[in-house]
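# Structure at a glance
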Amino acid sequence: IELSQLDKTLLEQMPTLFTSDLTYEGLVSELPYNPRGISVKVDELNGLFKSFNQYKSGGNDLQRWLELYSNESIKILRKTEQTTTINDPVVSVFGGIQDVVLEDLSRLNDSGFLDRFLWIVSQTTTTRGISIDYDSDYKKYKIFIKTLIDNSIEIGYGSNTILKLDKEALDV
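Residues numbered from 1 in each chain as written. Predicted model: local features only at pLDDT ≥ 70, side-chain atom pairs only at ≥ 80, totals over all residues. Heavy atoms only, no water.

To continue, consider the overall build of the chain. Regarding its fold elements, the chain presents seven helices and seven strands. Seen in sequence order, the chain has helices and strands lined up from the N terminus as α-β-α-β-α-α-β-β-β-α-β-β-α-α. Sorting the 172 residues of the chain into buried and exposed places 22% on the buried side. Restricting to contacts in the chain with at least 6 residues of sequence separation, those with at least 24 account for 50%. (Helix = DSSP H or I, 4+ residues; strand = E, 2+ residues; numbered from the N terminus. Buried < 20%, exposed > 50% of the residue type's maximum accessible area, 1.4 Å probe, protein only. Contact = heavy atoms within 4.5 Å.)

Next up on the list: the environment of P32. With respect to the secondary-structure elements, P32 resides in the loop between α2 (24-30) and β2 (38-44). By relative accessible area, P32 is classed as partly exposed at 38%. Once residues within four sequence positions are removed from consideration, P32 is found in contact with T84 and I86.

Our focus in this paragraph is the environment of I38. Within the secondary structure layout, I38 lies in strand β2. The class of I38 is buried, set by a relative accessible area of 3%. Separated by 51 residues in the primary sequence, I38 and P89 have C-alpha atoms spaced 8.8 Å apart. Beyond its immediate chain neighbours, meaning those up to four positions away, I38 contacts T16, L17, F18, T19, L27, E30, L31, V90, V91 and S92.

F49, W65 and F113 are the most contacted members of the largest nonpolar core, which has 25 residues in total. Among the elements of the structure, α2, β2, α3 (45-50), α4 (61-69) and β3 (74-76) are those that each provide at least two residues to this core. Here this core gets four residues from one element, more than from any other, and that element is α4. Excluding residues within four positions of it along the chain, F49 makes contact with I97, L105, L108, F113, L114 and F117. (Core = buried A, V, L, I, M, F, W, Y, C linked by side-chain atoms within 4.5 Å.)

Looking now at unusual backbone geometry. Located in the positive-phi region is N71, a residue other than glycine, with phi close to 65°. Here N71 is to be found in the loop between α4 and β3. A relative accessible area of 32% means that N71 is categorised as partly exposed.

The subject of this paragraph is the pattern of salt bridges. Following the criterion strictly, the structure yields two salt bridges and no others. For R64, the salt bridge is made with E25, and the minimal N-O distance between the two is 2.6 Å. Residue R64 is located in helix α4, and its partner E25 is located in helix α2; the two are separated by 39 residues in the primary sequence. With its nearest N and O atoms 3.8 Å apart, the salt bridge here joins R64 to D61. Of this pair, R64 and D61 both sit in helix α4, three residues apart, which is roughly one turn of that helix. (Salt bridge = Lys/Arg side-chain N within 4 Å of Asp/Glu carboxyl O.)

All right, on to the pairing of β2 then. Note that strand β1 (residues 18-19) and β2 share two bridges and pair parallel. For T19, the partnering residue across the bridge sits in β2 and is V40. Each parallel crossover has a hand, and for β1 linked through α2 to β2 it is right-handed. As paired strands, β2 and strand β5 (residues 91-96) are joined by six bridges and run parallel to one another. Paired with E44 across the bridge in β5 is G96. (Pairing = 2+ DSSP bridges. Right-handed = clockwise from strand over helix to strand, strands pointing away.)

The structure is reproduced here in structure tokens:
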């Protein structure tokens, strides 16, 4: 099926709620169409961190990710493309990582990169390295995040709604 130019334009401008496979350039090319931000959901955070500069030796992906954290406007100038300005970029990163691997990533923290994450450590029971049960707070957190995502879709793209936590949620 051949798409019309209008169909192609609409597809290009559809919001991207999340991604799991990305480059920095690909991420910032989507941000102008996503004023509410994009979530990066990866199973292994280490894989994301190792992908930094994978297409450019001596690149500056780490520094660019540090700049994203500040929520300052980004202006992209390329000789072959139109100049792009992204005001208030929002990127949330979700993923898992093992304690041992996290310790090995200390090289990333010379710049304070790892300090910009909210680390949640699950209290799991393990036998021979196999997790038996998840901490109940982690389960509650997972339900909370799913509820936020579900409600943001119901509310609709482009609307600003404040979601207030009830007393039970605040107690968690």
